[in-house]
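In case you want the letters, here they are:
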Amino acid sequence: MATFLYRLGRGAFRRRGLVALLWVALLFAAGFGAATASAPTSGSFSIPGTEAQKAFDLLDKKFPGMAADGATARIVVKAPAGAKVTDPGTKSEVEKIISDLKSGPGAAQVASVDDPYKTQAVSQDGSTTYISVKYKVSGMELKDEAREALTDSGHDAQKAGLQVEIGGDALMEAPETGSGEVIGILIAAVVLVITFGSLIAAGLPLLTALIGVGIGVSSITALANVLDLGNTTSTLAMMIGLAVGIDYALFIVSRYRAELAEGRERDEAAGRAAGTAGSAVVFAGLTVVIALVGLAVVNIPMLTKMGVAAAGTVVIAVLVALTLVPAILGFAGKKVLPAGTKSKLFGKGKPAGAQSKPNGGTRWARFVLRRPVMVLLAGVIGLGAIAIPASKLEMGLPDDGAKPTSTSQRKAYDLLSEGFGPGFNGPLMVVVDGDKALADRTAERIKGLDGVAAVMPPMQNEAKDAAIVSVIPKDRPSSVETEDLVHSIREGNGKDVFVSGQTAMNIDFSQKMNDALLPYLALVVGLAFLLLMLVFRSILVPLKAALGFLLSVVAALGAVVAVFQWGWLGSVFGVEQTGPIMSMMPIFMVGVVFGLAMDYEVFLVTRMREAYVHGERPGQAVVTGFQYSARVVVAAAVIMIAVFSGFLGASDSMVKMIGFGLAVAVLFDAFVVRMAIVPAVLALLGHKAWWLPKWLDRILPNVDVEGESLRKHLGDSGSGSADGPDKDRELVNA
């Protein structure tokens, strides 16, 4: 593989005009497709195999139109103290809101507006009422005029002294890039400049990453409606594509500059960078693809599509790194070299590649080699302590009750809870596949269960062969008591009675995600273990990589639980409302962080393996790996932490949670596991770290990621034997 990638990189460098033209053409083609495609929708959501999904499917069959995916809204009106919403003046204001929604701007997308006085949607004390609005399209497809008409509907009533708040998914808007993400990108640019000492070299990874992400996201947007990808797929693909795109280009450019420092010609340096660092990029990319495609084990179509689409963006990032990066290096010339090699102002006139003292990576590696046990224990115990809260992880899906208290959605949620009871925000829908007698018996049985606030009379369909029984729990939708009520209703039902509704769907979704977490981990870690065994020709190195990843990701989950579920340091991170951790968060974090962690593992340890194969002893190989790779790995990690931390400024608590979780996970994995635990373990294992049974060595194909076959192909000399006395704990002198 190294020889093939060498030829590919050198060929791209020499034919840089053609290569760059092809990538630009792809970008324009994908952009044209995205521009001419219709806007992406929210995508269909289903949870195959769950009772809530069975009830939803039955509802769609027996009650046509009721299971439509149209957006909904609740306009909650509360009268001033001492007044009631049934007073003539208040009633007139409410009726005006209804009239404006039915006939005003955006009315073409409105399916129905319920009159609360006819549907008896008035609290017992008469202080609160609500208007239910149903739209023909999803919240993401609502036109601006329809959304503005909804948000402006209560202005006149507010002037009259009424409190009007609006909740529901009709207020959902497409994710927008905020100032936090922009600041993260700017920090990434600063880190790249510091790392490379050259504006051209710093801008190259950003440029190529943006081109790759542009092609990937534009392609997803162009195919979104055809493949029912949903509007969140492009956001995930952008996040992953930008992360790995910068990393991979960073690795190639760094190795290219190292080859130039050894006196090689530019085209030769580009080829060798693609053959060595490019091999690491290929296998790092494969681990990310495995993690994303592995989301299929959850058996939720939406997640599977998101994973496959994001994996496609990763493949594009790998191809960009192997072809477009060498091509742009050809255009850049010597401008990618550090400023010190061209200017006395920055380099004080020192020749290229000159080092007056060991760099930070070398000094740190020597420190770890002197105290491997202390470093290992400190890292494991520290991450283990942070991971403790993960044992109390509670998962759920967010509703308006999880939004900041300053939002109208949260205020509407609280008003409904005060006026109609906490469970009113999450009613259960019991679908009965049978006649009226079965529906009546079901309703009577549910009335006798604990945790039930009210049971509505069964509503039959036109054919009189199915009915819906609405149940209002006593407790809020995300509470343990409501979950217990759902299980209690299901335990006493026969095969013709199903529990659905948003609350039941959330419970089933959380359970399915929880059940899939361990199989997903086993699949991803198992396949990656086999892949890394091919890369490193070792058993213990891949095992160490997998165990280190598990430690860092559990510690990150512990930090997420402590901050967002328990509220520790909540004010520091702007957490206004604690609650269950979003169900998708653990698996999402595992997939993303696993891919990035394996990037750092492959790039760092591959350089160690390369040095070991070429004759260096285990301790010296660790130092060599850190000497050439630590700076790049640290820069890549800081960039990712900066980008993910940008989401901490989001007003949505779920986005904030994702940003915090990913940033902390990368921090733990890059700086504690890869930079501390990994060298400590390798120092203790010595030659044993690179041991592989002879029978297994014969079976496994030789992918040659360290470039030994490339060295032979190019006629390089100086490769020695790795054999020798076990000096695994020997200190390497300067």
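Definitions and cut-offs
- Residues numbered from 1 in each chain as written.
- Predicted model: local features only at pLDDT ≥ 70, side-chain atom pairs only at ≥ 80, totals over all residues.
- Heavy atoms only, no water.
- Helix = DSSP H or I, 4+ residues; strand = E, 2+ residues; numbered from the N terminus.
- Buried < 20%, exposed > 50% of the residue type's maximum accessible area, 1.4 Å probe, protein only.
- Contact = heavy atoms within 4.5 Å.
- Areas by Shrake-Rupley, 256 points an atom, 1.4 Å probe, with all protein chains shown as cover.
- Polar contact = N/O pair within 3.5 Å; in protein donor to acceptor, adjacent residues only side chain to side chain.
- Axes fitted to C-alpha atoms, helices over the stretch in contact; angles between N-to-C directions.
- Parallel < 35°, antiparallel > 145°, perpendicular 65-115°, else oblique.
- Nonpolar A, V, L, I, M, F, W, Y, C, P; charged D, E, K, R; others polar.
- Pairing = 2+ DSSP bridges.
- Salt bridge = Lys/Arg side-chain N within 4 Å of Asp/Glu carboxyl O.
- Core = buried A, V, L, I, M, F, W, Y, C linked by side-chain atoms within 4.5 Å.
- Bend = angle between axes of the 7 residues up to and from the residue.
- Left-handed = near helix turned anticlockwise from the far one by under 90°.
- Patch = residues over 30% accessible without salt bridge, like charges linked within 9 Å, V, L, I, M, F, W, Y side chains within 5 Å.
- Lys, Arg positive; Asp, Glu negative; His and termini not counted.
- Charge placed at Lys NZ, Arg CZ, Asp CG, Glu CD.
- pLDDT = per-residue confidence, 0-100.
- Phe/Tyr/Trp six-rings, centres within 6.5 Å; stacked < 30°, edge-to-face > 60°.

1. So, the overall build of the protein
- Broken down by element type, the protein carries 24 helices and eleven strands.
- Split into buried and exposed, the 734 residues of the protein put 54% on the buried side.
- Taking contacts inside the protein between residues at least 6 apart in sequence as the whole, the part at least 24 apart equals 79%.
- Per element, the accessible surface of the protein, about 31,000 Å² overall, is 60% carbon and sulfur.

2. Description of the side chain of T482
- Note on placement: T482 falls in helix 17 (residues 480-491).
- On the accessibility criterion, T482 (1% relative accessible area) is buried.
- A distance of 3.0 Å separates polar atoms of two side chains, one belonging to T482 and the other to S479.
- The contacts of T482, once residues within four sequence positions are left out, are P473, D475, R476, P477, T503 and I507.

3. Some remarks on unusual backbone geometry
- Of note, the phi angle at Q120 is positive, near 60 degrees, even though the residue is not glycine.
- When you line up the elements, Q120 lands in the loop between strand 2 (110-113) and strand 3 (128-135).
- Residue classification places Q120 among the exposed residues on the basis of a relative accessible area of 70%.
- If you check the backbone angles, K464 has positive phi at about 60 degrees while not being a glycine.
- For K464, the location among the structural elements is in the loop between strand 8 (459-460) and strand 9 (467-473).
- Note on K464: relative accessible area 52%, which makes it exposed.

4. Things to note about the packing of helix 10 (residues 266-293) against helix 11 (residues 301-332)
- Two numbers describe how helix 10 lies on helix 11: the axes approach to 10 Å, and their chain directions differ by 175 degrees. Considered as vectors, helix 10 and helix 11 are oriented roughly antiparallel to each other. Along its contact with helix 10, which presents R266, A270, A274, G278, V281, V282, G285, V288, V289, L292 and V293, the element helix 11 presents G307, A310, A311, V314, V315, V318, A321, L322, P326, L329 and G330.
- For the contact of helix 10 with helix 11, the per-class residue count stands at 17 nonpolar, four polar and one charged.

5. Remarks on the sheet that holds strand 1 (residues 72-78)
- Across the sheet, four strands lie side by side as 2-3-1-4; this open sheet has antiparallel pairing. Each edge of the sheet is formed by a strand with only one pairing partner; in this case those strands are strand 2 and strand 4 (163-167). For this sheet, the mean inter-axis angle between neighbouring strands, taken without regard to orientation, is 20 degrees.
- Where helix 4 (residues 88-103) meets the sheet, it contacts strand 1, strand 2 and strand 3, and its direction lies at approximately 5 degrees from that of strand 3.

6. Details of the pairing of strand 1
- As judged from the seven bridges shared by strand 1 and strand 3, these two strands associate in the antiparallel manner. Bridge pairing in strand 3 links V76 to Y130.
- Note that strand 1 and strand 4 share five bridges and pair antiparallel. Directly across from I75, in strand 4, lies its bridge partner I166.

7. Things to note about the pattern of salt bridges
- Under the counting rule described, the total for this entry stands at 20 salt bridges.
- Here K96 makes a salt bridge to D156, at a shortest N to O gap of 2.9 Å. With K96 in helix 4 and D156 in helix 6 (residues 155-159), the pair connects residues that are 60 residues apart, well separated along the chain.
- Given a relative accessible area of 36%, K96 falls into the partly exposed group.
- We note a salt bridge from R264 to E262, for which the minimum N-O separation is 2.6 Å.
- In this structure R264 comes out as partly exposed when scored by relative accessible area, which is 24%.

8. Digging into the nonpolar core
- Counting 186 residues, the largest nonpolar core has Y248, F549, Y600 and F644 as its most contacted members.
- For Y248, the residues in contact, after removing those within four places along its chain, are V281, A284, G285, V288, V314, A317, V318, A321 and D599.
- Core analysis: the next-biggest nonpolar cluster, separate from the first, contains 25 residues, V85, V110, V113 and Y135 among them.

9. A short note on helix 21 (residues 618-645)
- Most pronounced at S629, the bend in helix 21 amounts to some 55 degrees.
- The buried fraction of helix 21 amounts to 21 of the 28 residues, a majority that puts the element mostly inside the structure.

10. A word on the packing of helix 14 (residues 372-387) against helix 19 (residues 540-565)
- One can describe the packing of helix 14 onto helix 19 by two numbers: an axis separation of 7 Å at closest approach and a directional angle of 40 degrees. Judged by the inter-axis angle, helix 14 sits oblique to helix 19. Handedness of the helix 14/helix 19 crossing: left-handed. Each of V380, L383, G384, I386 and A387 in helix 14 lies in contact with helix 19, whose residues at this interface are L551, S552, V554, A555, G558 and A559.
- Of the residues assigned to the contact of helix 14 with helix 19, the class counts are eight nonpolar, three polar and no charged.

11. Let's talk about a negative patch on the surface
- A surface patch of like charges, here negative, comprises D144, E145, E148 and D152.
- In this structure, D144 sits in helix 5 (residues 144-151).
- For D144, a relative accessible area of 56% gives the class exposed.

12. Details of the environment of I328
- Relative to the assigned elements, I328 resides in helix 11.
- The class for I328 is buried, based on a relative accessible area of 15%.
- C-alpha of I328 to C-alpha of L207: the two residues are 121 residues apart in sequence and 9.8 Å apart in space.
- Contact partners of I328, with chain neighbours within four places excluded, come to L204, L207 and T208.

13. Some thoughts on a nonpolar patch on the surface
- Taken together, the side chains of V297, L523, L527 and L530 present a nonpolar region at the surface, about 300 Å² in accessible area.
- Locating L530 in the fold gives a position in helix 18 (residues 502-536).
- On the accessibility criterion, L530 (46% relative accessible area) is partly exposed.

14. Structural notes on the confidence of the model for the protein
- With 88% of its residues at a pLDDT of 70 or more, the protein has an overall mean of 82.
- Within the protein, helix 14 carries the highest mean pLDDT (95), whereas helix 12 (residues 344-347) carries the lowest (36).
- With pLDDT under 50 throughout, residues 342-354 is counted as low confidence; its partners more than four residues away or in other chains account for eleven contacts.
- Low pLDDT, under 50, characterises residues 717-734; the predicted model gives this stretch 42 contacts beyond four residues in sequence or across chains.

15. Some words on the packing of aromatic side chains
- Inspection of every chain in the model, using the stated rule, returns nine aromatic pairs.
- For the ring pair Y612 and W690, a centre distance of 5.6 Å and an interplane angle of 25 degrees mean the geometry is stacked. Note that Y612 is positioned in helix 20 (residues 585-613) and W690 in the loop between helix 22 (653-685) and helix 23 (694-699), a separation of 78 residues in sequence.
- Residue W690 is classed as buried on the basis of its relative accessible area, which comes to 9%.

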